[in-house]
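# Chain and residue survey
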Amino acid sequence: MSLLVTGGRGAVARHLGGLLSARGMSHRIGSRERDTPGAVHCDLSDPATFPAALAGIRSVFLYAEASAAEAFVEEAVSAGVEHVVLLSSSSVVGPDPAGSPLSAGHLAVEQALLASPIRSTLLRPGSFASNAIGWSWALKSGRPVRLPYPGSYADPVHEADLAEAALAVLTDPALGGRAHTLTGPQSLTFAAQLAILGSVLGRPVPFDAVTPEEWKAEVEGYIPGPYADALLDFWAASDGLPVPVTDAVERLTGHPARSFETWARDHAEAFGG
């Protein structure tokens, strides 16, 4: 099987590439960065890079980049691609997904795939556990993490579980051709996640509750305003309300989803641990 893994520098793609190599499975890593070792240039926003990346490919693990999604799908059809596994988002099944910056891009890529003759499998993770990396600068500097909604719940899923789920649907035809909503094993508030990080690191991890307006002002310049507003709305909607978790990781991989504590231990160095 000849397989293209896009987003070669992303955490899920790196894990998936390692799994494929361990199995001795033929695959090609695609990256938008020209200097990625062992990768073919595949910028999902640049259709000129698609033909070489897709030559001889029959299956694709695809990151969701909407800007040239239709061109990618068209080239994939021409190249004879038979199966695409898309790393999408569970936000596409939320209210007004086309109108939200959090989900519109994922939805557009899903629609482009589903309108094509290519067999498509949609992996829809909820909250990435790796979102917690955004707190690392505060933890390393000893400052409190600033949270507008410390009681907001999430379903953090480990990137290794996403990679194993992708491997499962790429290698077992019975699992492909439909959508899978992937979550971690627990619904946790941001405050609870910080407490778990503190336990793993062996030191307190304080936080300050701030207003949405204060948080938005603090992130101005590196989180665009509409995206920041969408995040605040998303967090407000789950403030004090546990989010549902699924058993999809276990059904696809054969083992329970890794806990947030496991993720924290695997990434302790990122927080100065």
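Shown above is the structure to which this text applies.
Cut-offs used in this document
- Residues numbered from 1 in each chain as written.
- Predicted model: local features only at pLDDT ≥ 70, side-chain atom pairs only at ≥ 80, totals over all residues.
- Heavy atoms only, no water.
- Helix = DSSP H or I, 4+ residues; strand = E, 2+ residues; numbered from the N terminus.
- Rg over C-alpha atoms; globule rule 2.2 N^0.38 Å.
- Contact = heavy atoms within 4.5 Å.
- 1 Å grid on protein atoms, 1.4 Å probe; cavity = no way out; pocket = protein on both sides within 12 Å on 5 of 7 lines; lining within 4 Å.
- Points joined across faces, edges and corners; volume = space filled by probe spheres on them.
- Nonpolar A, V, L, I, M, F, W, Y, C, P; charged D, E, K, R; others polar.
- Core = buried A, V, L, I, M, F, W, Y, C linked by side-chain atoms within 4.5 Å.
- Buried < 20%, exposed > 50% of the residue type's maximum accessible area, 1.4 Å probe, protein only.
- Pairing = 2+ DSSP bridges.
- Axes fitted to C-alpha atoms, helices over the stretch in contact; angles between N-to-C directions.
- Salt bridge = Lys/Arg side-chain N within 4 Å of Asp/Glu carboxyl O.
- Phe/Tyr/Trp six-rings, centres within 6.5 Å; stacked < 30°, edge-to-face > 60°.

Check the secondary structure of the chain and you find eleven helices and eleven strands. The C-alpha atoms of the chain give 19 Å as radius of gyration, which agrees with the globular expectation for 273 residues (19 Å, within 12%). When the backbone C-alpha atoms are referred to their principal axes, the chain occupies close to 55 × 40 × 35 Å. For the chain, long-range pairs separated by at least 24 residues make up 74% of all intrachain contacts whose partners lie at least 6 apart in sequence.

Taken as a whole and assessed by the stated rule, the structure comprises one cavity of 30 Å³ or more. The calculated volume of the largest cavity comes to roughly 50 Å³. Residue lining of the largest cavity: L44, L62, Y63, E65, A68, A69, F72 and V109, and that is the complete set. Counting only elements with at least two residues in the lining of the largest cavity, the list comes to strand 4 (59–63) and helix 3 (69–79). Among the residues making up the lining of the largest cavity, the classes are represented as seven nonpolar, no polar and one charged.

Among the nonpolar cores identified, the biggest contains 30 residues, and W135, L139, L197, W215 and F260 are the most heavily contacted of them. If you list the elements that add at least two residues to this core, you get helix 5 (136–141), strand 7 (145–147), helix 7 (190–201), helix 8 (212–219), helix 9 (225–237) and helix 11 (260–266). Broken down by element, this core gets its largest block of residues, six residues, from helix 7. L3, M25, L123 and A257 belong to the second largest nonpolar core, which has 27 residues in total.

Let us now look at the sheet that holds strand 6 (residues 119–125). Strand-to-strand pairing in sheets goes through backbone hydrogen bonds, with the strands running parallel or antiparallel. The seven strands lie next to each other as 3-2-1-4-5-6-9, forming an open sheet whose pairing is parallel. Bordering the open sheet on either side are strand 3 (39–41) and strand 9 (179–182), each of which pairs with just one other strand. Strand-to-strand twist in this sheet, taken as the mean axis angle between neighbours without regard to direction, amounts to 25°. Here strand 1 (residues 3–5) pairs with strand 2 (residues 27–31) via three bridges, running parallel. Across the sheet, L4 pairs through a bridge with R28, a residue of strand 2.

Attention shifts here to the pattern of salt bridges. Overall, the coordinates contain ten salt bridges when judged by the stated rule. In this structure, R146 and E218 form a salt bridge, with 2.5 Å as the shortest nitrogen-oxygen distance. On the criterion of sequence distance, the pair formed by R146 in strand 7 and E218 in helix 8 is long-range, its members being 72 residues apart. Measuring nitrogen to oxygen at the nearest pair gives 3.0 Å for the salt bridge that ties R251 to D247. Members of the salt-bridge network, linked through shared partners, are R146, D208 and E218.

Per the stated rule, a full pass over the model turns up seven aromatic pairs. Here the aromatic rings of F260 and W263 are separated by 5.6 Å at their centres, their planes lie at 20°, and the arrangement is stacked. Note that F260 and W263 are positioned in helix 11 at a spacing of three residues, about one turn of the helix. Overall, the relative accessible area of 0% leaves W263 in the buried class. Feature note: the residues W135, F190, W215 and W235 constitute an aromatic cluster, connected by ring pairs.

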